[in-house]
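# A look at the structure
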Amino acid sequence: IDREEGKSRLVETQVAFFLEGWVPEERWDQLRQALSDYPCAWEVRDPEPEEYPQVPVQLKNNWLTRPLNMVTEMYSLPAYGSVDPNPLMAPFFILFYGIMMADMGYGLLMMLASVVVLRRMRPKGTMSHFFGLLGLCGVSTFLMGAVTGGFFGDMIPQVLKILNPESTFVWFWPPLFTHLDDTLMILVGAMALGLIQIVTGMAISFIKKIREGQILDAVWEELTWWIVFAGLALAILG
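Cut-offs used in this document
- Residues numbered from 1 in each chain as written.
- Predicted model: local features only at pLDDT ≥ 70, side-chain atom pairs only at ≥ 80, totals over all residues.
- Heavy atoms only, no water.
- Phe/Tyr/Trp six-rings, centres within 6.5 Å; stacked < 30°, edge-to-face > 60°.
- Helix = DSSP H or I, 4+ residues; strand = E, 2+ residues; numbered from the N terminus.
- Buried < 20%, exposed > 50% of the residue type's maximum accessible area, 1.4 Å probe, protein only.
- Patch = residues over 30% accessible without salt bridge, like charges linked within 9 Å, V, L, I, M, F, W, Y side chains within 5 Å.
- Areas by Shrake-Rupley, 256 points an atom, 1.4 Å probe, with all protein chains shown as cover.
- Salt bridge = Lys/Arg side-chain N within 4 Å of Asp/Glu carboxyl O.
- Lys, Arg positive; Asp, Glu negative; His and termini not counted.
- Charge placed at Lys NZ, Arg CZ, Asp CG, Glu CD.
- 1 Å grid on protein atoms, 1.4 Å probe; cavity = no way out; pocket = protein on both sides within 12 Å on 5 of 7 lines; lining within 4 Å.
- Points joined across faces, edges and corners; volume = space filled by probe spheres on them.
- pLDDT = per-residue confidence, 0-100.
- Core = buried A, V, L, I, M, F, W, Y, C linked by side-chain atoms within 4.5 Å.
- Contact = heavy atoms within 4.5 Å.
- Expected span 1.5 Å × (residues − 1).

A word on the packing of aromatic side chains. Within the structure shown, the criterion is met by eight aromatic pairs. Both rings, one in Phe206 and one in Trp226, keep their centres 5.3 Å apart while their planes meet at 50°; by these two values the pair is tilted. Here Phe206, found in helix α8 (residues 183-211), pairs with Trp226, found in helix α9 (residues 215-237); they are 20 residues apart in sequence, far enough to count as distant. In this structure Trp226 comes out as partly exposed when scored by relative accessible area, which is 23%. Taken together, the aromatic side chains of Tyr106, Phe151 and Phe152 make up a single cluster linked through ring pairs.

Take a negative patch on the surface next. Taken together, Glu25, Asp46, Glu48 and Glu50 make up a surface patch of like negative charges. By the secondary structure assignment, Glu50 is in the loop between α2 (28-35) and α3 (69-75).

A surface patch of nonpolar side chains, amounting to about 420 Å² of accessible area, comprises Met100, Met101, Tyr106 and Leu109. Within the residue set of the nonpolar patch, elements represented by two or more residues are α4 (86-101) and α5 (104-121). Structurally, Met100 can be placed in helix α4.

Notably, Ala102 is not glycine yet its phi reads approximately 45°, a positive angle. By secondary structure assignment, the location of Ala102 is in the loop between α4 and α5. Its identity is not glycine, yet Arg122 carries a phi of approximately 50°, on the positive side. With respect to the helices and strands, the residue Arg122 is situated in the loop between α5 and α6 (125-148).

The next thing to look at is the layout of surface pockets. If you add up the space inside the largest pocket, you get close to 1,600 Å³. Lining the largest pocket are 39 residues; nearest its centre among them are Gly21, Trp22, Val23, Pro24 and Val44. Elements supplying a minimum of two residues to the lining of the largest pocket: β2 (17-19) and α2.

A low pLDDT means the predicted coordinates there should not be read in detail. Residues with a pLDDT of 70 or more make up 97% of the protein, whose mean pLDDT is 86. Mean pLDDT across the elements of the protein bottoms out in helix α7 (residues 155-163) (78) and peaks in α5 (92).

The nonpolar side chains of a soluble globular protein tend to be buried with one another. Core analysis: the largest hydrophobic core is formed by 10 residues, namely Leu68, Met70, Val71, Ala90, Met110, Val117, Phe131, Leu133, Leu134 and Cys137. When contributions to this core are tallied by element, the ones reaching two or more residues are α3, α5 and α6. If one sorts the elements of this core by residue count, α6 sits on top with four residues. Excluding its chain neighbours within four sequence positions, the residues that come into contact with Ala90 are Thr65, Leu68 and Pro85.

Right, let's get into α6. Across its 24 residues, α6 extends 35 Å between first and last C-alpha, which sits within 8% of the 34 Å expected from 1.5 Å per residue. Just past α6, the residue Gly149 takes up positive phi, approximately 75°.

Looking at where Thr141 falls in the secondary structure, it is placed in helix α6. We classify Thr141 as buried; its relative accessible area is 0%.

Now the structure itself:
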């Protein structure tokens, strides 16, 4: 399929052909050295805004944001010239996953599975992203489990009671909150984190529109909502 699509970008005669394609800016010197061995001429230019939908997308990631490619690719890659959501949304995704699991035992299993597979099997592509993300979410799950005092649920105190009905297991540190006793606080905290994520997304959109010169759109579509949010907060606080 790629070969046939490539033919549509070729203009060919018996003695020469014309080819058009895309190359990342940082790899242009490498391509120029490769072309210098052939009797050919070349021209490089930046794409015009109307060509952006046709430009292929190559994300620039680090060790933290690269595993999130799996989640992004499930929906669609960001268009050329737009914002890469991975570094901006990665902390929320990893944190929310840990909050949902919140168990030291499961977190340890996830981290162990991630390290073993990545070190031993060295998967590529989507599988590599999956196990990398599994390890990061395992860290978050372990930390949130430490906060709530969960290790495979309440396995440790239950096992100790079976071995010795008079045993009273106490964690080395007191849990900050528990799922059964602090349900309302957990609900309020989840809503607060969700609000922070929404406001972060709106801030990204606001900055993007300002940079593109869409000042009125930024004011009426984002800034007005922040005024509403501030008014609600002041009303709640009295």
